[in-house]
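Structural description and commentary
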Amino acid sequence: MRKEGRYEEAYQAIVRLYAVHQGPHTNLCMFWCTHDLLKLRLKEKRMDESRRLLYQLVKLYPHVDDRLSMANRAIINAALAMDKQVENFNLLYFMPYFERMKENDWQPYVVQGHQVPSLGQQVVNHLLKDLKHRDAAYIERVADLFRIAFQKSPYYKENLRHLAQMHALVGRTDQAIATYKRLLRRYHDSYLYAELSKLVSDEKTSVALCCMGVVSQRRPEYASRYHLELADRLRHHYPHRAAYELQCYLQLRERLHQRPSGYALHLQRTLQGVTPVTAEDERQLYDRAKIVVDRFLRE
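Residues numbered from 1 in each chain as written. Predicted model: local features only at pLDDT ≥ 70, side-chain atom pairs only at ≥ 80, totals over all residues. Heavy atoms only, no water.

Section: the side chain of His-162
Using the following cut-off: Secondary structure elements follow DSSP: runs of H or I of four or more residues count as helices, runs of E of two or more count as strands, with numbering from the N terminus. For the exposure calls, accessible area comes from a 1.4 Å probe over protein chains only, and a residue counts as buried if that area is under 20% of its type's maximum, exposed if over 50%, partly exposed in between. By definition, residues are in contact when any of their heavy atoms lie within 4.5 Å.
Among the structural elements, His-162 can be located in helix H8 (residues 157-169). By relative accessible area, which is 2% here, His-162 ends up buried. His-162 has contacts with Val-124, Asn-125, Leu-128, Leu-131 and Phe-146, leaving out every residue within four places of it along the chain.

See the structure below:
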């Protein structure tokens, strides 16, 4: 039934058998039928049932023969899939499975002609995706896995970004800035400019980095945020430029049929009556910002 894609029927059949008999083969079949149904429920976005089935896999795991680590890998992939769809999912609960990963779990692979990060690297990316909201105890818990990932791929962009974030969180600002500069010499992602701008003490350089965050972001759903951040940075000394950036933010939000944030509305009241500069005037600011940032990255 599994081979035919009849996952629900297969699951119901093994549940009846498992209720009266547990043995090596029955347990293994119960595990993989549960895994099949979990994948189906995840695809259907039935998250409550998916959570229950994942917990069932965890309970079954100690009773299956996993010499090839296939069951361990299945649980990890399921946990990552849940983490993508469930806000504040407790991924740390699965650390024992992450710590059991084998050498081949740290090897990148190719899917449809595109190289995909290794399973271990995917785990680290998930664990570190919200670093700015984590405390020192969390970082300590995941540090060993990050060290392995960094040793395997020291030039991988996300590893370097996570390294910079960790430096910043523990107060090593100079090391964080140096790592971000290393990244930005090669990559030009708006979020890298924005994150570095918050670490730089020189106001001129910090604003220039914010400008580059705006310039380098082409997707409207993300660009609006950077326009608002730049408006906030400019509001005291350059209110006319701030009014322009806020105007860009509001226009983008309207185009996306999204309501402005509470802070944007507050800023709009603060800048009421201020005439925005023209697009050409602001373009000149962006051009000057690029010169400042290029010089800063070479230092």
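So that's the structure; there's more coming.
Thoughts on the nonpolar core
Heads up, the rule is: Buried Ala, Val, Leu, Ile, Met, Phe, Trp, Tyr and Cys residues that are joined via side-chain atoms within 4.5 Å together make up what is termed a nonpolar core.
With 48 residues, the main nonpolar core has Phe-31, Phe-94, Phe-98, Leu-127 and Leu-145 as its most contacted residues. Counting only elements with at least two residues in this core, the list comes to helix H1 (7-18), helix H2 (24-43), helix H3 (47-60), helix H4 (70-85), helix H5 (95-98), helix H6 (119-127) and helix H7 (136-152). For this core, the element with the highest residue contribution is H4, accounting for 8 residues. Among residues more than four places away in sequence, those in contact with Leu-127 are Leu-91, Leu-92, Met-95, Phe-98, Arg-134, Tyr-138, Val-142 and Leu-145. One finds Leu-160, Leu-196, Val-214 and Ala-289 within the second-largest nonpolar core, a separate group that totals 40 residues.

Quick look at the environment of Leu-17
Turning to its location among the elements, Leu-17 is positioned in helix H1. Accessibility expressed as a relative area gives 42% for Leu-17, which makes it partly exposed. Taking the C-alpha atoms as reference points, Leu-17 and Asn-27, separated by 10 residues in sequence, lie 9.9 Å from one another.

Section: the confidence of the model for the protein chain
For clarity, the threshold we go by: Predictor confidence is given residue by residue as pLDDT, running from a minimum of 0 to a maximum of 100.
Of all residues in the protein chain, 100% have pLDDT values of 70 or greater, and the mean over the chain is 95. The secondary-structure element of the protein chain with the lowest mean pLDDT is strand S1 (residues 109-111), recorded at 88, while H5 shows the highest, at 98.

Digging into unusual backbone geometry
One non-glycine residue with positive phi stands out, namely Ser-69, at about 65 degrees. Relative accessible area serves as the criterion here: at 5%, Ser-69 is assigned to the buried category. Even without a glycine there, the phi angle at Gln-112 is positive, about 50 degrees. One can find Gln-112 in the loop between S1 and strand S2 (114-116). Gln-112 gets classed as exposed once you look at its relative accessible area, which sits at 78%.

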